[in-house]
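Tertiary structure, described
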Amino acid sequence: MNIATSDKPFAGKTAFTQSCGLGTEPVPLAPYRSAEFFERERARVFERAWLLVGREEEIAAYGDYFVAELLPGGVSTVLNRGKDGKVRAFYNTCSHRGSQVVDGPTGNARRIVCPYHNWTYAADGELLSIPDESSFFAVDRKRCGLTPMAVDTWEGWIFVNLQAEPEVGLRAFLGDFADRLAGVPYVAADKPIVLKADLDANWKVVQDAFIESYHIPAIHKRTIAETFSSNENRFARLLDARVFGPHRTVSMYGNPKMPLDPANKVEMLAYASGDTGSLIAAGTSTQMDSFLQHPAVNPTGVDCWSMDVNNLFPNTQIDFGPGGFWVHQFWPLTPNTSRYEVRFYVPDALNARQRLQQELYVARVIEVVLEDLANVARTQRGIDSSGKDHMQLQDSEVGIRHSVEQLLKWVDADSVAEALL
Ligand code: FES
Ligand SMILES: [Fe+2]
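Attention here is on the structure that accompanies the text. Owing to the predicted nature of the structure, the values given are computational and were not obtained by experimental measurement. (Residues numbered from 1 in each chain as written. Chains lettered and ligands numbered in written order. Predicted model: local features only at pLDDT ≥ 70, side-chain atom pairs only at ≥ 80, totals over all residues. Heavy atoms only, no water.)

**Structural notes on the overall build of the protein**
Let me state the cut-off plainly: Labels follow the DSSP assignment, with helices taken as runs of H or I lasting at least four residues and strands as runs of E lasting at least two, numbered in each case from the N terminus. Classification of residues uses two cut-offs on accessible area relative to the type maximum, computed with a 1.4 Å probe and protein chains only: under 20% is buried, over 50% is exposed, and between them is partly exposed. In this description, contact between two residues means that some pair of their heavy atoms is separated by no more than 4.5 Å. Accessible surface area values rest on a Shrake-Rupley calculation with a 1.4 Å probe, where residue burial reflects the displayed protein chains alone. Counted as positive: Lys and Arg. Counted as negative: Asp and Glu, with His and the chain ends omitted from the count. Taken as the charge centre is NZ of Lys, CZ of Arg, CG of Asp or CD of Glu, depending on the residue.
Helices and strands together make up the secondary structure of the protein, namely 12 helices and 19 strands. With respect to the three principal axes, the spread of C-alpha positions in the protein is 80 × 55 × 35 Å. Across the 421 residues of the protein, 53% fall into the buried class. Restricting the contact set of the protein to residue pairs at least 6 apart, pairs at least 24 apart contribute 66%. Approximately 18,400 Å² of the protein is accessible, and the part contributed by carbon and sulfur atoms is 51%. The averaged location of the 53 negative side-chain charges in the protein is 1 Å from the averaged location of its 41 positive side-chain charges.

The structure is reproduced here in structure tokens:
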């Protein structure tokens, strides 16, 4: 059962770990370094869960496509929209000799022509033509279309599943989380600013860095420490934490009296109106009105709010802030390396000051993200040394505890239905 914080959230200790139904014992580090666990995680989590790959707005028109790399399998996937308006997913593999048929990352192709020998496919994957077909030996064109991958959409988000016939549909996989986030308006979702980095850390080390606020006063002391903590909440304790099956959400504190530095002329100009009350803002509160009024955005409805992290199992975080949303993804490469991707969605600026505010927003968030990323290799090296077998987690790290609990459950479960029980 989930319980919201009391009226005086920082007067005493929070108890989210208990209210989320989790234990309080130390949490094992083996999943963060074991090669054996890595293989099981690949097979039982990444090859069975629905994986978010993008938004429908990115492929709005017939023939639009983007390529997603599903790791750790290294599976390249083409997502496109057909003549019939349907979103489809295909393995990016030619039926002739296996070349990738699309180089990516994005484009429009009503016919997909393999670059190697020009085999040509329709947007729905059907094989249309084979150059010099009469020199082949009874190729059955009907059986040589692109190989489809399971795909489904929810609230504009596109998901794929590496199971040919997914054991559980997307809606069942999302469970109550789908109800909670139903109807959130995603403003400017067609214009992501994407950043990618390959990192020397297990994907969970990186994901964990973005779902706890305890590190903020230490790691971010030069950037957002005064935005996310204050004298009232010195250790940046969480405002709220809830779990929904394998998924979870946490809400972070924001200092409503966050001081602007008068020496920082750009910041002063960008935020002179104080419109959004936070540096983590791409839009004005007028632009964001309907977004901010959704019950899943700032769910405790307090002024001292900075952001929500909606962590879709296993590896996606959709974050909500006063000025919009952004998405982090964490893809395994090896037991101690991973690929990180972040997408910022920025609405059209209404005036010059908002443009400046947005530039500052993106630059500031990247600056903060770089502080987090600079720390992950150090964390992984410490974990890899085997000096410790467990980590000690406090209440604001409840999202990490839930993540490990769920991953252990999925790698042990013989079916997805059992993992979701
Ligand atoms: S591999 Fe695609 S046409 Fe030959
Ligand atoms: Fe951070």
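**Considerations on helix H2 (residues 35–46)**
Note: α-helices contain 3.6 residues per turn, so residues at a spacing of three or four share the same orientation. Heads up, the condition is: Between the first and last residue of a helix there are one fewer steps than residues, each counted as 1.5 Å, and that sum is the expected span. What the arc covers is the set of directions going from the helix axis to the C-beta atoms. Distance and chemistry together define a polar contact, namely a pair of N or O atoms within 3.5 Å, with one atom able to donate a hydrogen and the other to accept it when in protein, and with adjacent residues in sequence counting only for side-chain atoms on both sides.
Over its 12 residues, H2 runs 15 Å from end to end, which matches the ideal 16 Å to within 8%, given 1.5 Å per residue. Buried residues of H2: Phe-37, Phe-38, Glu-41, Val-45 and Phe-46, and no others. Viewed end-on, H2 has its buried residues packed into an arc of 100°, placing them on one side of the element. The inward-facing, buried residues of H2 contact strand S2 (51–55), helix H5 (203–209), strand S17 (324–334) and helix H11 (398–412). In this structure Ser-34 caps H2, since a side-chain oxygen of it lies 3.2 Å from the backbone nitrogen of Glu-36.

**Some thoughts on the sheet that holds strand S12 (residues 192–199)**
We apply this condition: What makes two strands pair is DSSP finding at least two bridges between them. Note on geometry: axes are C-alpha line fits, over the in-contact stretch for helices, and angles between N-to-C directions span 0 to 180 degrees.
With antiparallel pairing, seven strands are arranged side by side in an open sheet as S12-S18-S17-S16-S15-S14-S13. Single-partner strands in this sheet number two, and they are S12 and strand S13 (240–244). Strand-to-strand twist of the sheet, defined as the mean angle between neighbouring strand axes without regard to direction, takes the value 15°. Bridging between strand S15 (residues 305–312) and strand S16 (residues 316–321) involves five bridges; their strand directions are antiparallel. Bridge pairing in S16 places Val-309 opposite Asp-319. Lying on the sheet, H11 is in contact with S13 and strand S14 (247–253); it crosses S14 at an angle near 170°.

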